[in-house]
Amino acid sequence: MIHPIKYLIDSDTFIQAKSLHYRFSFCESFWEWILLAHQAEIIGTIDKVKKEILRGDDELKVWVNTTPPTSFFYAESYDIAVMKNYAHVMAWSVAHQQYNLTAKAVFADHDRADAFLIATASVYGQIIVSHEASAPASQKSIKIPDTAKAFGVKTITLYELLSRHAHGNFDFKH
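Quick caveat: nothing in here was measured; it's all calculated off a predicted structure.

## So, unusual backbone geometry
- At Glu41, a residue that is not glycine, the phi angle is positive and equals roughly 60°.
- By the secondary structure assignment, Glu41 is in the loop between helix H2 (28–39) and strand E2 (43–46).
- The phi angle at Phe170 is positive, at roughly 70°, despite the residue not being glycine.

Right, dumping it as structure tokens:
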């Protein structure tokens, strides 16, 4: 059930975590914190994020396949309210003439999670966790923070999330 989850994490946040500061061999506590935060109904994500991660062939793929409970990944494509809102997100992207056709095609790719994250967060009042920076004048890329803002969805970075819900040693805090 996704309704009580407060934050949805995007794919790149997971990928950057395993590749940079929170590598599995270096910082197991971070990945344990992820699970504790989910158990406390603070964080989760959607199936499209899982599918993006599973395209890789690394420790993150193994972790996604073996560690989080199935409730960690919400099946957004089976949610009628989310899918209706997804149509609105797509219409918004098409209506914005500043974006070139490639940017619109990438954003509309049904295998990419960004638009589904925004649609889900908009329906359920959630915050998206992403390291993606706003670029409102961009023509070549539709950014999560810019689209999210158009739909009343807040975005924060992983570091902001950790400041709110983790002690310095990754002990979970409410």
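## Re the packing of aromatic side chains
- This model, assessed by the stated rule, comprises 16 aromatic pairs.
- An angle of 85° between the planes, with centres 4.9 Å apart, marks the rings of Phe30 and Trp31 as edge-to-face.
- A relative accessible area of 1% places Phe30 in the buried class.
- Ring centres of Phe30 and Trp33 lie 6.3 Å apart, and the angle between their planes is 25°; on these two criteria the pair is classed as stacked. Note that Phe30 and Trp33 are positioned in helix H2 at a spacing of three residues, about one turn of the helix.
- Trp33 sits in the buried class, given a relative accessible area of 0%.
- Over the ring of Phe26 we find Arg23, and its NZ or CZ is 5.1 Å from the ring centre.

## Regarding the sheet that holds E2
- Spatially, five strands are ordered E3-E2-E1-E4-E5 in an open sheet, and the strand pairing comes out parallel. The sheet is open, and its two borders are formed by strand E3 (73–74) and strand E5 (155–156), each paired with just one other strand.
- Bridge count for strand E4 (residues 127–129) against E5 is two bridges, and the pairing is parallel. Note that in E5 the partner of Val129 across the bridge is Ile156.

## Some words on the pairing of E2
- Burial along E2 is two-sided: the residues Ile43 and Thr45 and Gly44 and Ile46 are all buried.
- In terms of strand pairing, strand E1 (residues 7–9) meets E2 through two bridges, oriented parallel. Of the residues in E2, the one forming a bridge with Leu8 is Gly44.
- In this sheet, E3 lies alongside E2 in parallel orientation, the contact comprising two bridges.

## Considerations on the nonpolar core
- Counting 53 residues, the largest nonpolar core has Phe14, Tyr22, Phe30, Trp31, Trp33, Ile34 and Ile43 as the members making the most contacts within it.
- Here this core gets six residues from one element, more than from any other, and that element is helix H7 (residues 114–124).
- Those residues within four positions of Tyr22 in sequence are excluded, and the remaining contacts are Ala17, Cys27, Phe30, Trp31, Leu158, Tyr159, Leu162 and Phe170.

What counts and how
- Residues numbered from 1 in each chain as written.
- Predicted model: local features only at pLDDT ≥ 70, side-chain atom pairs only at ≥ 80, totals over all residues.
- Heavy atoms only, no water.
- Helix = DSSP H or I, 4+ residues; strand = E, 2+ residues; numbered from the N terminus.
- Phe/Tyr/Trp six-rings, centres within 6.5 Å; stacked < 30°, edge-to-face > 60°.
- Buried < 20%, exposed > 50% of the residue type's maximum accessible area, 1.4 Å probe, protein only.
- Lys NZ or Arg CZ within 6 Å of the ring centre and 35° of its normal.
- Pairing = 2+ DSSP bridges.
- Core = buried A, V, L, I, M, F, W, Y, C linked by side-chain atoms within 4.5 Å.
- Contact = heavy atoms within 4.5 Å.

Don't take any of this as a statement about function, it's just geometry.
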